[in-house]
Amino acid sequence: MTHRSGFACFVGRPNAGKSTLTNALVGTKVAITSSKPQTTRHAIRGIVHRDDAQLVIVDTPGVHKPRTLLGQRLNDVVRETWSEVDVVGFCVPADEKVGPGDRYIASELRKVAKRTPVIGIVTKTDVAKPEQIAEQLLALQDVLDFEELIPVSAVDGFQVKRLEDLLVARLPEGPQLYPDGDLTDEPEQTLVAELIREAALEGVRDELPHSIAVTVEEMLPREDKRDLLDIYATVYVERPSQKGIILGHQGERMKAVGAQARQQIQKLLGTKVYLNLHVKVAKDWQRDPKQLRRLGF
Ligand SMILES: Nc1nc2c(ncn2[C@@H]2O[C@H](COP(=O)(O)OP(=O)(O)OP(=O)(O)O)[C@@H](O)[C@H]2O)c(=O)[nH]1
């Protein structure tokens, strides 16, 4: 039996369903999803293990025209990823018209990855009528020269397996790249930070969409209780006024954020967690290269 291994990534405008699709393929929550755009900041890999293949999925942030230094960094990460993968899945949601945003991404993609095979994916078929899906497949044909076109739904699983086969078929022959059972090679701390950020954003996305960053300072098993993990993390906001929003009245909001994040982290790591969260102001961190580096960008 031939064994294939390699890398794939999904591209598409924000909210196209890339993270959710990664999760559906990998089967565990490793990439972070949300109902608002641009929550994925790190190239988190999910790994699909099969007897005949290992497919490593790199989850990239959405591309967009950069306005801040952070925006530029994110786009650089995206471009690097595009030029390194074996196959790209180009995602367009079934329920939104194909538009200039999609064409922008397609042209950027062709600039950095001229020969990489691209599969056109119409996502979220569960929320669209069959005619709508058919129209979307047609519209997508004009955007790029796709090797294949496929409609899928990450929510009800429609054609997710078929998509997996299409992606795997484009991987080169090669041995397993990661040991069995490894779902992601992203350091646990980064995943934990992302889960905290996701919880912190809940309910304040409209006010502070891109103003929150999270670092995890320490993750240590408790001395006298080995099944308990102590996690110390800092939530950064850009301005003092935002600190108040994040904390909420008498810190009530932050307590809820901690509880929500703790639950998700326990699920991810499979161990009990004590989560200690601090809120700090890092003035205009999005525009300051030094701060960006410290926050892991
Ligand atoms: N009904 C339905 N909703 C979906 C499906 N896939 C994703 N969604 C929803 O669409 C929204 C965006 O999904 P994400 O997976 O976060 O999108 P993304 O492309 O990774 O977004 P960015 O990280 O912002 O680039 C979320 O609210 C998802 O729950 C699907 O197959 N069906």
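In this text, all values refer to a predicted model and were calculated from it rather than measured experimentally.

## Let's talk about the overall build of the protein chain
Across its full length, the protein chain carries nine helices and nine strands. The proportion of buried residues among the 297 residues of the protein chain is 38%. A sequence separation of at least 24 residues applies to 70% of the contacts in the protein chain between residues at least 6 apart.

## Side note on the nonpolar core
One finds Cys 9 and Val 88 to be the most contacted residues of the largest nonpolar core, which totals 41 residues. The set of elements that each furnish at least two residues to this core consists of strand 1 (4-11), helix 1 (18-26), strand 3 (53-59), helix 2 (69-84), strand 4 (87-93), helix 3 (100-112), strand 5 (118-123) and helix 5 (160-169). Contact partners of Val 88, with chain neighbours within four places excluded, come to Cys 9, Val 11, Trp 82, Leu 109, Ala 113, Thr 116 and Val 118.

## Observations concerning the sheet that holds strand 9 (residues 272-281)
Read across the open sheet, the three strands follow the order 7-8-9; overall the sheet is mixed. Both outer strands of the open sheet, strand 7 (213-222) and strand 9, are each paired with one neighbouring strand and no more. Strand-to-strand, the axes of this sheet are offset by a mean angle of 15°, without reference to chain direction. Looking at chain direction, strand 8 (residues 225-237) and strand 9 are connected through 10 bridges and run parallel. Following the sheet pairing, Thr 234 is matched in strand 9 by His 278. Strands in contact with helix 7 (residues 240-247) are strand 8 and strand 9; relative to strand 9, the strand with the most contacts, it is inclined by about 150°.

## Focus: the packing of helix 6 (residues 188-201) against helix 8 (residues 252-269)
The geometry of helix 6 relative to helix 8 is characterised by a closest axis approach of 8 Å and an angle of 145° between their N-to-C directions. Every pair of crossing elements has a handedness; the one defined by helix 6 and helix 8 is right-handed. Judged by residue contacts, Glu 188, Leu 191, Val 192, Leu 195, Ile 196, Ala 199 and Ala 200 of helix 6 engage Val 257, Gln 260, Ala 261, Gln 264, Ile 265, Leu 268 and Leu 269 from helix 8. Considered class by class, the residues forming the contact of helix 6 with helix 8 number 11 nonpolar, two polar and one charged.

## Observations regarding the pairing of strand 5
A regular strand carries its side chains on alternate faces of the sheet. Burial within strand 5 is extensive, with six of its six residues counted as buried. Burial along strand 5 is two-sided: the residues Val 118, Gly 120 and Val 122 and Ile 119, Ile 121 and Thr 123 are all buried. In this sheet, strand 5 lies alongside strand 4 in parallel orientation, the contact comprising six bridges. Looking at strand 5, one finds that Val 88 is bridged to Val 118. Taken together, strand 4, helix 3 and strand 5 form a β-α-β motif whose crossover is right-handed.

## Details of the confidence of the model for the protein chain
Mean pLDDT over the protein chain stands at 83; residues scoring 70 or higher make up 81%. Taken as a whole, residues 29-42 scores under 50 in pLDDT and shows 44 contacts with residues more than four places along the chain or in a different chain. Predicted complex, confidence summary: ipTM 0.97, pTM 0.65.

## As for the environment of Leu 201
The residue Leu 201 is located in helix 6 in this model. With 45 residues separating them in the primary sequence, Leu 201 and Ile 246 have C-alpha atoms 8.6 Å apart.

## Some thoughts on the pairing of strand 1
Among the eight residues in strand 1, six count as buried, and that is most of the element. Two elements, strand 1 and strand 4, share four bridges in a ladder whose sense is parallel. Looking across to strand 4, one finds that Val 11 is bridged to Phe 90.

## A word on unusual backbone geometry
Its identity as a non-glycine residue notwithstanding, Asn 15 has a phi of 75°, on the positive side. Its location among the elements puts Asn 15 in the loop between strand 1 and helix 1. In this model, Gln 159 sits at a positive phi of 60°, which is unusual for a non-glycine residue. Within the secondary structure layout, Gln 159 lies in the loop between strand 6 (148-151) and helix 5.

## Regarding the environment of Arg 13
Relative to the assigned elements, Arg 13 resides in the loop between strand 1 and helix 1. For Arg 13, a count of 20 C-beta atoms within 10 Å puts it in the buried group. Put simply, Arg 13 and Val 92 are 79 residues apart on the chain and 7.6 Å apart in space, counted from C-alpha to C-alpha.

About the criteria used
- Residues numbered from 1 in each chain as written.
- Predicted model: local features only at pLDDT ≥ 70, side-chain atom pairs only at ≥ 80, totals over all residues.
- Helix = DSSP H or I, 4+ residues; strand = E, 2+ residues; numbered from the N terminus.
- Buried ≥ 20, exposed ≤ 12 C-beta atoms within 10 Å, placed from the backbone.
- Contact = placed C-beta atoms within 7 Å.
- Core = buried A, V, L, I, M, F, W, Y, C linked by C-beta atoms within 7 Å.
- Pairing = 2+ DSSP bridges.
- Axes fitted to C-alpha atoms, helices over the stretch in contact; angles between N-to-C directions.
- Left-handed = near helix turned anticlockwise from the far one by under 90°.
- Nonpolar A, V, L, I, M, F, W, Y, C, P; charged D, E, K, R; others polar.
- Right-handed = clockwise from strand over helix to strand, strands pointing away.
- pLDDT = per-residue confidence, 0-100.

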